[in-house]
Amino acid sequence: MKITEQTLPNDWKEVTIENEQGISFSVLNYGGILTSLNAPDRNGNSENVVLTYENYDDYIGDPNYLGAIIGRVAGRVHNSSFQLNGNEYIVHANEGKNSLHGGNEGLNSKIWEMTTYKNADSAGVILTVESPHLEGGYPGNVSIQVTYELNHHNQFVISYHAKSDEDTVLTLTNHSYFNLSGNAKRTVLDHEVQIASDQYVELDTDLIPTGNIKSVEGTPFDLQSKTALRSRLFSDDPQIQLAGGGFDHTYLFKDGQQEKIVLQEEESGRVMTIETDQPGVVFYTGNGLSGEQLLTKGPAQKHDGLCLETQSSPASLHHPGFPSIELKAGETYQTYTKFTFDRK
Ligand code: G6D
């Protein structure tokens, strides 16, 4: 394992970790942003499989949240408010009347402390940050730690750990846009995806969960077997249309299946398998990406990348039947998501 650290002209820090099998990642102390995740194709060419901005300044105030740690509450909080222990909390509205991804004081906009470590079989970066009481409107002083670890088994593991001194709500994720073609040389239209879920969450026109948990059976949302995205992203299904021509929906995982998501691209031969202890994932197919954003590959375009934001759902703040995102004072928030890379 090789660890390198650099200080950028704007004084941000960037750490890069690489193993001997051609897998490496780089992360910023700003927002815990993944600026690269390199994996080999079937011929052993190691290329970046996450979208990256050409100019790092574009990560500031990024409407796409490229690569960032998201919280305190990933997703949308309806009317930017919720009840907890009989108290109403108003969180920062940054999308009309609703709050997206923790509001303007979200974890993606903070400078995290970074330390590195190396073991016999792995190496990683530990990112820590303190989120003070009522930051973004959320109660509790919360200490958060996110670890990005790479091992010799071609696994990249993100672990999340947090504690609060007051009852609060929390659900964290990473907002990387994956594209297995390598350096985004193609869109994700010819990626194949498989999600171990038979339920998705219906959205309203503001992309807020309606509270209805729908069966995927017989709909374009059925991704229980390997499915080419090209066959679904142009569906006239009202929910696909409402999301801007693609997916932007929470899937609730079925119990008992360790491998929750498989993503692959035939042309490169790359395969990425995801395991997680999170109850669900927001599957977003980059419907909002546009040429205003300059990626390392050039101007962004719709469907240049896709997000697999493993998380619980803020829908639980307003509807029954969803896994809770409450975190009791003194209890530990602990979750992981493991990305395993292979090539065929
Ligand atoms: C769009 O609706 C999507 C979100 O899910 C995504 O996180 C954001 O773009 C970056 O608003």
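Residues numbered from 1 in each chain as written. Predicted model: local features only at pLDDT ≥ 70, side-chain atom pairs only at ≥ 80, totals over all residues. Heavy atoms only, no water.

This paragraph deals with the pairing of strand 11 (residues 113–118). As paired elements, strand 11 and strand 12 (residues 122–131) share 6 bridges and run antiparallel to each other. Paired with E113 across the strands is T128, a residue of strand 12. Between strand 11 and the antiparallel strand that follows it, strand 12, lie 3 residues. (Pairing = 2+ DSSP bridges. Helix = DSSP H or I, 4+ residues; strand = E, 2+ residues; numbered from the N terminus.)

Attention now moves to the pattern of salt bridges. Per the stated rule, a full pass over the model turns up 13 salt bridges. Notably, a salt bridge pairs K214 with E202, separated by 3.7 Å at the nearest N-O pair. Placement of K214 in strand 20 (residues 209–215) and of E202 in strand 19 (residues 197–203) is noted, with a sequence separation of 12 residues between them. Here E202 falls in the buried class, since its relative accessible area comes to 16%. Counted as one network, the salt bridges with shared partners bring together E47, K185 and R270. (Salt bridge = Lys/Arg side-chain N within 4 Å of Asp/Glu carboxyl O. Buried < 20%, exposed > 50% of the residue type's maximum accessible area, 1.4 Å probe, protein only.)

With antiparallel pairing, the 6 strands of this open sheet are ordered in space as 17-28-25-22-19-20. Only two strands of the sheet have a single neighbouring strand rather than two, namely strand 17 (177–178) and strand 20. By the bridge criterion, 5 bridges tie strand 22 (residues 248–253) to strand 25 (residues 280–284) in an arrangement that is antiparallel. The residue bridging H249 from the neighbouring strand is F283, located in strand 25.

This part is about the sheet that holds strand 3 (residues 24–28). Spatially, 1-2-3-4-5 is the arrangement adopted by the 5 strands of the open sheet, whose pairing is antiparallel. Of all strands in the sheet, those bounded by a partner on one side alone are strand 1 (2–7) and strand 5 (46–48). Ignoring strand direction, the axes of neighbouring strands in this sheet form an average angle of 15°. Both strand 3 and strand 4 (residues 34–40) contribute to a ladder of 4 bridges, which runs antiparallel. Each bridged residue has a counterpart across the sheet, and for V27 the counterpart in strand 4 is L34. (Axes fitted to C-alpha atoms, helices over the stretch in contact; angles between N-to-C directions.)

Position of H249 among the secondary structure elements: in strand 22. On the basis of relative accessibility, which here comes to 0%, the residue H249 falls in the buried class. At 3.0 Å, the side chain of H249 and the side chain of Q239 are in polar contact. Those residues in contact with H249, other than ones at most four positions away along the chain, are Y200, V201, L203, F221, Q239, A243, V281, V282 and F283. (Polar contact = N/O pair within 3.5 Å; in protein donor to acceptor, adjacent residues only side chain to side chain. Contact = heavy atoms within 4.5 Å.)

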